[in-house]
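Observations on chain architecture
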Amino acid sequence: MGLIIYLNGNYVPEEQAVVSVFDHGLLYGDGVFEGIRAYHNRVFKLEEHIKRLYESAKTIMLDIPLSMEKMSEVVLETLRRNNQRDAYIRLVVTRGKGDLGLDPRKCTKATVFCITASIQLYPEELYNNGLITVTVPTRRNAGEAVNPRVKSLNYLNNIFAKIEANLAGVPEAVMLNNEGYVAEATGDNIFIIKDGVLITPPVYAGLLEGITRNCVIEIARTKGIPVVETLFTRHDIFIADECFLTGTAAECIPVVQVDGRSIGNGKPGPMTHSLMKAFHELTETDGPQIFPE
Ligand code: PMP
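Since we're looking at a predicted model, the values are computed, not measured. Along each chain, numbering runs from 1 in the same order as the chain's sequence is written. For a predicted model such as this one, the threshold for reporting local features is a pLDDT of at least 70, and the threshold for listing and counting side-chain atom pairs is 80 or more; totals across whole chains, interfaces and linings nevertheless cover every residue.

Considerations on the overall build of the chain
Secondary structure elements follow DSSP: runs of H or I of four or more residues count as helices, runs of E of two or more count as strands, with numbering from the N terminus. Each helix and strand counted, the chain has 8 helices and 15 strands in total. Atoms considered for the radius of gyration are the C-alpha atoms alone. The globule rule reads 2.2 Å times the number of residues to the power 0.38. Relative to the compact-globule value of 19 Å for 293 residues, the chain shows a C-alpha radius of gyration of 19 Å, a close match. Dimensions of the chain, computed from the C-alpha atoms along their principal axes, are close to 55 × 50 × 30 Å. Labels follow a simple rule on C-beta atoms placed from the backbone: if 20 or more others lie within 10 Å of a residue's own, it is buried; if 12 or fewer, it is exposed; otherwise it is partly exposed. A buried classification covers 42% of the 293 residues belonging to the chain. Considering only contacts in the chain between residues 6 or more positions apart, those separated by 24 or more positions represent 71%. Here contacts are defined at the residue level, using C-beta atoms placed from the backbone and a cut-off of 7 Å between them.

This is how it looks when you write it as structure tokens:
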């Protein structure tokens, strides 16, 4: 059976969830989105995701025709209509239908849709054995262009990096910024662990301020693990004891090799394991319920 999709105020079967070929989200990548996850009848960090969606929209000067409360309700209601308690949710707001020119003033009404489906970013076995990654030639775009903190529909840079990883025969790419500092992976944030300290690039390195990233930082601080947000280079990854990626779709996944160098002993490390476990525990209790219990 097909999914029920929320589209511009209506809940419709997926065959009927269609947008115009004049939609600027499609023509120009003009829009913003969120990837959210539901676990055990709760939408994890829903408020944070909705807030980031509206912040992204503010920067691109896109008016979302729904309140934040209503948008949260759309997510919950789409899950209910599909009878889902565990799901991957894609919430998208585009500039809407315009003409063939760029000018967003021609787009009078934003397009809003919500898809609740599932996702498996990496095969299960990589969560146990860790990812092999490479750094790639395509740099994370600079904040003076489309700021990476804006979760816009412009993912071509990251798609280039993904293609470069594919060509290298590995499942994920690590992207550097224009100065050569480590930024993030194509759809995940990056962490290293060195001498018991958890290190991740600061947002000004040019990265999406991941909700999973912030969650892992909070977990680490609660556990008394020192956390440092600082710029670092490939060399720092090579000599790290552990490395892992975080993201809504990926959750927490260990990295065991970068550019042919084994990280630590080449196996997922103990701090990564302990943070992965604590993260999963948090997903069981955080966020609004979908169906009242
Ligand atoms: N960086 C990029 C480029 C992403 O697309 C994502 C996924 N949204 C992340 C990082 C991780 O962010 P989050 O933990 O909020 O999913």
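Still more ground to cover, so stick around.
Topic: the environment of A17
Looking at where A17 falls in the secondary structure, it is placed in the loop between strand 2 (10-13) and helix 1 (24-28). Those residues within four positions of A17 in sequence are excluded, and the remaining contacts are I5, L7, V12 and F113.

Quick word on helix 8 (residues 270-283)
Multiplying 1.5 Å by the helix residue count minus one yields the expected span of that helix. An ideal rise of 1.5 Å per residue puts 20 Å on 14 residues; helix 8 measures up with 20 Å between its terminal C-alpha atoms. When we look at burial in helix 8, the residues that qualify are T272, L275 and M276. One side of helix 8 carries all its buried residues, which in axial view fall inside an arc of 105 degrees. In helix 8, the exposed positions angled more than 90 degrees off the buried face are occupied by P270, K277 and E281. The inward-facing, buried residues of helix 8 abut helix 6 (211-222), strand 13 (242-247) and strand 14 (251-258). The directions considered for the arc are those from the helix axis to the C-beta atoms.

A few points about the nonpolar core
Core membership is restricted to buried Ala, Val, Leu, Ile, Met, Phe, Trp, Tyr and Cys residues, and these are joined into a nonpolar core through C-beta atoms within 7 Å. In this structure, M175, F191, V216, C243 and V255 are the most contacted members of the largest nonpolar core, which totals 41 residues. In terms of residues, this core owes the most to one element, helix 6, which gives 6 residues. Excluding residues that lie within four positions of it along the chain, V255 makes contacts with G130, L131, T133, C243, F244, L245 and I263. Membership of the second largest hydrophobic core comes to 28 residues, among which are L7, L46, L76 and V92.

Digging into the pairing of strand 5 (residues 87-94)
Of all 8 residues in strand 5, 6 are buried; the element is thus mostly enclosed. Pairing of strand 3 (residues 31-39) with strand 5 involves 8 bridges; the strand directions are antiparallel. Residue pairing in the sheet places F33 in a bridge with V92 of strand 5. A pair of strands is treated as paired once DSSP finds two or more bridges between them. Sheet analysis places strand 5 next to strand 6 (residues 111-117), joined by 7 bridges and oriented antiparallel. Residue T94 lies in a different strand from strand 6, and its bridge partner there is T111.

Overview of the site of the ligand
Neighbouring residues of the ligand: 14 residues in total, closest G210, I211, T212, G247 and T248. When contributions to the shell around the ligand are tallied by element, the ones reaching two or more residues are helix 6 and strand 13. Take the shell around the ligand: its biggest share by element is 3 residues, from helix 6. All residues other than Ala, Val, Leu, Ile, Met, Phe, Trp, Tyr, Cys, Pro, Asp, Glu, Lys and Arg, Gly among them, are scored as polar; the first ten of these are nonpolar and the last four charged. Residues of the shell around the ligand, tallied by class, amount to 2 nonpolar, 9 polar and 3 charged. Using a C-beta atom placed from the backbone for every residue, we mark a residue as near a molecule or strand if that atom lies within 6 Å of it.

Focus: helix 3 (residues 68-81)
The first and last C-alpha atoms of helix 3 sit 20 Å apart over 14 residues, in line with the 20 Å expected at 1.5 Å per residue. Just beyond helix 3, the residue with positive phi is N83, at close to 55 degrees.

Concerning the sheet that holds strand 3
The antiparallel open sheet is built from 6 strands, whose spatial order is 2-1-6-5-3-4. Both edges of this open sheet fall to strand 2 and strand 4 (42-44), since each of them pairs with a single strand only. For this sheet, the mean inter-axis angle between neighbouring strands, taken without regard to orientation, is 25 degrees. Taken together, the 3 bridges between strand 3 and strand 4 define a ladder with antiparallel strand orientation. Bridged to A38 within strand 4 is V43. Packing against the sheet, helix 2 (residues 46-59) makes contact with strand 3, strand 4 and strand 5, and its axis sits at approximately 175 degrees to strand 3. The axes are straight lines fitted to the C-alpha atoms, using for helices just the contacting stretch, and the angles between their N-to-C directions are given from 0 to 180°.

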